[in-house]
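# Residue-level structure breakdown
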Amino acid sequence: MANIQAIRGTKDITPNEIHKWHSIEQILKKISENYGYREIRTPVFEKTEVFSRGVGAGTDIVNKEMYTFADRSGESLTLRPEQTAALVRAIIQNNLVAENPTARLYYIGAYYRYERPQKGRLREFHQYGAECISSPYPESDAETISLADSIIRELGIDEYSLKLNSLGNESSRKTYLEVLIEYLHKNINNLSEESQSRIGINPLRILDSKHTLDIEIVKNAPNILEYLDAESQQHFERVCKYLEAANIKYTITPTLVRGLDYYSHTVFEFQSNYLGSQDAFGGGGRYNKLFSELGAKDTPAVGFAMGIERILLILDVLQKQIDSSGNVQAVIIPTSNNYYEYALRIAAKLRNDFSISTIIDLQRRSLKSQMREAGKISAKYAIIIGDSEFESRSITIKYLNEDGRQIIINEDDLKQELF
RNA sequence: GCGGAAGUAGUUCAGCAGGUAGAGCACCAGAUUGUGGCUCUGGGUGUCGCGGGUUCGAGUCCCGUCUUUCGCCCCA
């Protein structure tokens, strides 16, 4: 019988790697708060309609990637495949834009998509994201991109590209779609099979295809940026200006479209060469229609998300060493099983009175082995309890540095200064 | 969901004309009975992913399955 394994596409985060997560989370929290963003947490599951209406019924995420199930009452629930739609639901429900017109929010959590796993693509994965709610102005687009950029730099990722595009507002996108569809129909015989069938469903996505046939056709396809109306164009120009002012490099990429229906105006993606096929480690854009899609009054918003596992992959390639020093300071070493009672009392004293993280060997090993262990985990002190110490109610403190100095001290004379 | 590759010790990997497994690192124990890091000695810690088939005999060949991985799709 084989051992039980974790679900396909899921991973354990073991104590050996948890420090990487901690330090990333710390950076995310710090930079977010520097920008005035506050954390929000929502449930991992929602009514299915939050996502089917929010993310969009025509998207792959909704059509083939959601973990959807009926609960015992028969209600259709879904494990969140992304945060934005659920976050908007929470904002509406808690009326978070009532107190202050601008809500700046960030989140870190686990998300679920039923996809074929690959490097950097898991069924349970973790995202950080930030959303700026209630400003229709390009300043807020620039603010969120700038926040993302600050985080990436703080993480130590200096080699990446930021792709930027505008999908325009509803009316300019509609105009463009008509022109695009006409063009694609004209060249339908030269498109890949997949793209041929996609014309009617989601023609914008063809622009993003990696198929060689499609790439040829897309080269000469009408450029979405040329179809922006005055309002959309002005918005996009301002965003670009602000980014330049913030010294953030970007590449305008008219073929950048995103797989979620709720985007309009600005869309962007952060890409790295170190990720192989899954080269985007962050992305987002403006979603002015999402609130009304979920039944609230129109509220403009912009935001982005980053994949934490993908960031870890990049940091691994860059060999960014994240400090992993263990936190055990003292190892108590009794040389006889009879001294454990005394040893435990000393341990309690160290932990409670002096706040020193302390362990006692639980394998009843030899003094030599226990000393080895203490050295291996880089403990600062070895507390030895041998025959003479036990009899005189004292302990030997050996300082595990280079000179290895050691002192014998009575239990009652233990002082904070010794550590 | 589609196509290709792989799965051997904690880990990185070797093994193959089919004869029940090996190396480095890690780990454990010891170096004349109370002291870590360096060194030396000793120890293999494994249901060779799982199930079935062929065979006297399978890690090695065949089939299935699970998982990982590369590409597609999609996205973080």
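Everything that follows concerns the structure shown earlier in this document.
Before going into details, it helps to say that this report is about the structure given with it.

Thresholds, definitions, all that
Residues numbered from 1 in each chain as written. Chains lettered and ligands numbered in written order. Predicted model: local features only at pLDDT ≥ 70, side-chain atom pairs only at ≥ 80, totals over all residues. Heavy atoms only, no water. Helix = DSSP H or I, 4+ residues; strand = E, 2+ residues; numbered from the N terminus. Rg over C-alpha atoms; globule rule 2.2 N^0.38 Å. Buried < 20%, exposed > 50% of the residue type's maximum accessible area, 1.4 Å probe, protein only. Contact = heavy atoms within 4.5 Å. Lys, Arg positive; Asp, Glu negative; His and termini not counted. Charge placed at Lys NZ, Arg CZ, Asp CG, Glu CD. 1 Å grid on protein atoms, 1.4 Å probe; cavity = no way out; pocket = protein on both sides within 12 Å on 5 of 7 lines; lining within 4 Å. Points joined across faces, edges and corners; volume = space filled by probe spheres on them. Nonpolar A, V, L, I, M, F, W, Y, C, P; charged D, E, K, R; others polar. Pairing = 2+ DSSP bridges. Near = heavy atom within 4 Å. Polar contact = N/O pair within 3.5 Å; in protein donor to acceptor, adjacent residues only side chain to side chain. Core = buried A, V, L, I, M, F, W, Y, C linked by side-chain atoms within 4.5 Å. Axes fitted to C-alpha atoms, helices over the stretch in contact; angles between N-to-C directions. Parallel < 35°, antiparallel > 145°, perpendicular 65-115°, else oblique. Left-handed = near helix turned anticlockwise from the far one by under 90°. Expected span 1.5 Å × (residues − 1).

### Observations concerning the overall build of chain A
Looking only at helices and strands, chain A features 14 helices and 16 strands. For chain A, the C-alpha radius of gyration of 28 Å lies well beyond 22 Å, the compact-globule estimate for 419 residues. Seen through its C-alpha atoms, chain A measures out along the principal axes to roughly 95 × 55 × 45 Å. The 419 residues of chain A split such that 47% are buried. Of the contacts made within chain A by residues no fewer than 6 positions apart, 67% connect residues no fewer than 24 positions apart. Distance between charge centroids for chain A: 3 Å, based on 50 positive and 57 negative side chains.

### Digging into the layout of surface pockets
Counted as a void, the second largest pocket has a volume near 490 Å³. The wall of the second largest pocket is formed by 25 residues, among which Arg173, Leu260, Asp261, Tyr262 and Tyr263 lie closest to the centre. Contributions of two or more residues to the lining of the second largest pocket are made by α2 (48–54), α6 (170–186) and α10 (290–293). When residues in the lining of the second largest pocket are grouped by element, the largest group, three residues, is from α6. The class makeup of the residues in the lining of the second largest pocket is eleven nonpolar, seven polar and seven charged.

### Some points on the sheet that holds strand β6 (residues 124–133)
Spatial ordering of the open sheet is given by β1-β5-β6-β11-β10-β9-β7-β8, a layout of eight strands whose pairing is mixed. Both outer strands of the open sheet, β1 (38–39) and β8 (251–252), are each paired with one neighbouring strand and no more. When strand β7 (residues 161–166) meets strand β9 (residues 264–271), the two strands line up antiparallel, connected through six bridges. Bridged to Lys163 within β9 is Glu269.

### A closer look at the protein's contact with RNA strand B
Around RNA strand B sit 59 residues, and of these Arg113, Arg198, Arg205, Arg258 and Gly259 come closest. Backbone sugar and phosphate groups make up 56% of those atoms of RNA strand B lying within 4 Å of the protein. Residue Ser388 places a side-chain N or O atom 2.6 Å away from a base oxygen belonging to RNA strand B. A distance of 3.0 Å is found between a base nitrogen of RNA strand B and a backbone nitrogen or oxygen belonging to Leu400. Of all the secondary structure elements, the ones that give two or more residues to the surface near RNA strand B are α3 (60–64), β6, α7 (193–198), β10 (280–286), β11 (301–307), α13 (367–376), α14 (387–391) and β15 (394–399). In terms of residue count, α13 provides more of the surface near RNA strand B than any other element does, seven residues in total.

### Details of the nonpolar core
Within the largest apolar cluster, 85 residues are counted, with the highest numbers of intra-cluster contacts made by Tyr128 and Phe270. Residues within four places of Phe270 in sequence aside, it is in contact with Ile145, Ala148, Asp149, Ile152, Tyr160, Ser161, Leu162, Asp279, Ala280, Phe281 and Gly282. By size, the runner-up hydrophobic cluster in this structure holds 21 residues, among which are Ile332, Leu350, Phe354 and Ile383.

### Overview of the packing of helix α1 (residues 18–34) against helix α5 (residues 138–155)
One can describe the packing of α1 onto α5 by two numbers: an axis separation of 10 Å at closest approach and a directional angle of 140°. Classified by the angle their axes make, α1 and α5 are oblique. Considering only the axes of α1 and α5, their crossing is right-handed. Note on element contacts: α5 touches α1 through Leu147, Ser150, Ile151, Glu154 and Leu155, opposite Ile24, Ile27, Leu28, Lys30, Ile31 and Ser32. Residues that form the contact of α1 with α5 fall into these classes: seven nonpolar, two polar and two charged.

### Details of the packing of α5 against helix α9 (residues 230–245)
The interhelical angle for the contact between α5 and α9, taken along N-to-C directions, is 40°, at an axis separation of 8 Å. Considered as vectors, α5 and α9 are oriented oblique to each other. Crossing geometry of α5 relative to α9 is assigned as right-handed. Across the interface between the two elements, Pro138, Glu139, Asp141, Ala142 and Ile145 from α5 touch His235, Arg238, Val239, Tyr242 and Leu243 from α9. Here the contact of α5 with α9 is built from residues that sort into six nonpolar, one polar and three charged.

### Concerning α5
Between the first and last C-alpha of α5 there are 26 Å, a value that for 18 residues agrees with the 26 Å anticipated at 1.5 Å per step. Summarising burial for α5: 13 of the 18 residues are buried, a large majority.

### So, the pairing of strand β3 (residues 67–70)
For β3 and strand β4 (residues 76–79), the ladder comprises four bridges, and the chain directions are antiparallel. By the bridge assignment, Ala70 is partnered in β4 with Ser76.

### Re the pairing of β15
In terms of burial, β15 is a largely internal element, five of the six residues being buried. Two strands pair when backbone bridges link them, and strand β14 (residues 381–385) and β15 are joined in this way by four bridges, in the antiparallel orientation. From the neighbouring strand, Ile384 faces β15, where its bridge partner is Thr396. As judged from the five bridges shared by β15 and strand β16 (residues 406–410), these two strands associate in the antiparallel manner.

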